[in-house]
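# Breakdown of the fold
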Amino acid sequence: IEANDYSVIILATSENGKTEKVTLTLKVETENLALTTVTLVVDPKEITLGESIKAVGQLVSLTDTDIDIAEGTLVDIIFTSPTGQSQQFEARTDAEGGYQLTTTFQPKEVGEWETTASFAGTKTLKSSKRSTKFQVAKGASVIAFENADSALLGTELELVASLEPKLTEEAITLKILK
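Everything in this summary refers to the structure shown in the same document. On a predicted model such as this, the values are computed, not experimentally measured, just so you know.

### Section: the sheet that holds strand β6 (residues 74-80)
The strand order β4-β10-β9-β6-β7 describes an open sheet built from five strands, whose pairing is mixed. Of all the strands in the sheet, the pair left with one neighbour each is β4 (46-48) and β7 (86-92). The mean inter-strand angle of the sheet, taken between neighbouring strand axes irrespective of direction, is 25 degrees. By the bridge criterion, seven bridges tie β6 to β7 in an arrangement that is antiparallel. Each residue of the ladder has a partner; that of F79, found in β7, is Q87.

Rendered as structure tokens:
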């Protein structure tokens, strides 16, 4: 019998013919949940700031009995920054238990990040979790000038530029050579 809550209706008749109806709730729990494991691959393991990361894996049952992982089973993917800030995404398994992050994720901090894939479990499957780390290195920014490439000797020139990727709270030094 499957783990669930069941309603049981009992009809009792006394010797004098009076009938009583009693409804009971029977809670069936299983103590032997099927063990699972979550695999997690983060690619690439090292990126520069501004690049994106991919996360894929599989949810697998570790029991001898034939227990299928239902298609669409939820796996949470959590990215934790070097400063402890977390971002959580949801992934759903395919028919073979495979999952992947369908959203593009671009880390916004330099340093070592942790990625965790977490399966909460079901009435028949035990929860499991797997973590791995990846590194985000400083990226290079490029200054692109948006106005004229040349000017006549002796004229004033106003330079308008943009910086990609944009940096916040970073000092920028621009050296103009004569």
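That was the structure; now back to the text.
### Quick look at the pattern of salt bridges
For the coordinates displayed, the defined rule picks out two salt bridges. Between E20 and K18 there is a salt bridge, with the nearest N and O atoms lying 3.6 Å from each other. Overall, K18 belongs to the exposed group, its relative accessible area being 51%. E112 is the salt-bridge partner of K133, the closest N and O atoms lying 3.8 Å from each other.

### As for the sheet that holds strand β8 (residues 98-100)
One open sheet accounts for three strands, arranged β3-β5-β8; its pairing is antiparallel. Sheet topology places β3 (36-43) and β8 at the edges, where each strand pairs with a single neighbour. Direction aside, the axes of adjacent strands within the sheet are offset by 20 degrees on average. In this structure, β3 lies alongside strand β5 (residues 54-61), joined through eight bridges in antiparallel fashion. In the strand pairing of β5, D43 is matched with K54.

### Thoughts on the packing of aromatic side chains
Inspection of every chain in the model, using the stated rule, returns six aromatic pairs. With a centroid separation of 5.7 Å and 75 degrees between ring planes, the pair formed by F89 and F105 is classed as edge-to-face. Here F105 lies in the loop between β8 and β9 (111-119) and F89 lies in strand β7, a separation of 16 residues in the sequence. A connected cluster of aromatic rings, assembled from ring pairs, spans F79, F89, F105, W113 and F134.

### Description of the pairing of β5
Side-chain direction in a regular strand flips from residue to residue, so the side chains alternate between the two faces of the sheet. Judged by which residues are buried, β5 turns out to be one-sided: A55, G57, L59 and S61 face inward and are buried, whereas K54, V56, Q58 and V60, on the alternate face, are not. Across three bridges, β5 lies against β8 in antiparallel orientation. Across the sheet, the residue bridging to V56 is Q100, located in β8.

### Topic: unusual backbone geometry
For the bond from D43 to P44, the omega torsion is -5 degrees, close enough to zero to count as cis. Tracing the backbone through its elements, the reader meets P44 in the loop between β3 and β4.

### With respect to the nonpolar core
Counting 23 residues, the largest nonpolar core has I53, I77, F79, Y99, L101, F105 and F134 as its most contacted members. Breaking this core down by element, the ones donating at least two residues are β3, β5, β6, β7, β9 and β10 (128-137).

Calculation rules
Residues numbered from 1 in each chain as written. Predicted model: local features only at pLDDT ≥ 70, side-chain atom pairs only at ≥ 80, totals over all residues. Heavy atoms only, no water. Pairing = 2+ DSSP bridges. Helix = DSSP H or I, 4+ residues; strand = E, 2+ residues; numbered from the N terminus. Axes fitted to C-alpha atoms, helices over the stretch in contact; angles between N-to-C directions. Salt bridge = Lys/Arg side-chain N within 4 Å of Asp/Glu carboxyl O. Buried < 20%, exposed > 50% of the residue type's maximum accessible area, 1.4 Å probe, protein only. Phe/Tyr/Trp six-rings, centres within 6.5 Å; stacked < 30°, edge-to-face > 60°. Core = buried A, V, L, I, M, F, W, Y, C linked by side-chain atoms within 4.5 Å.

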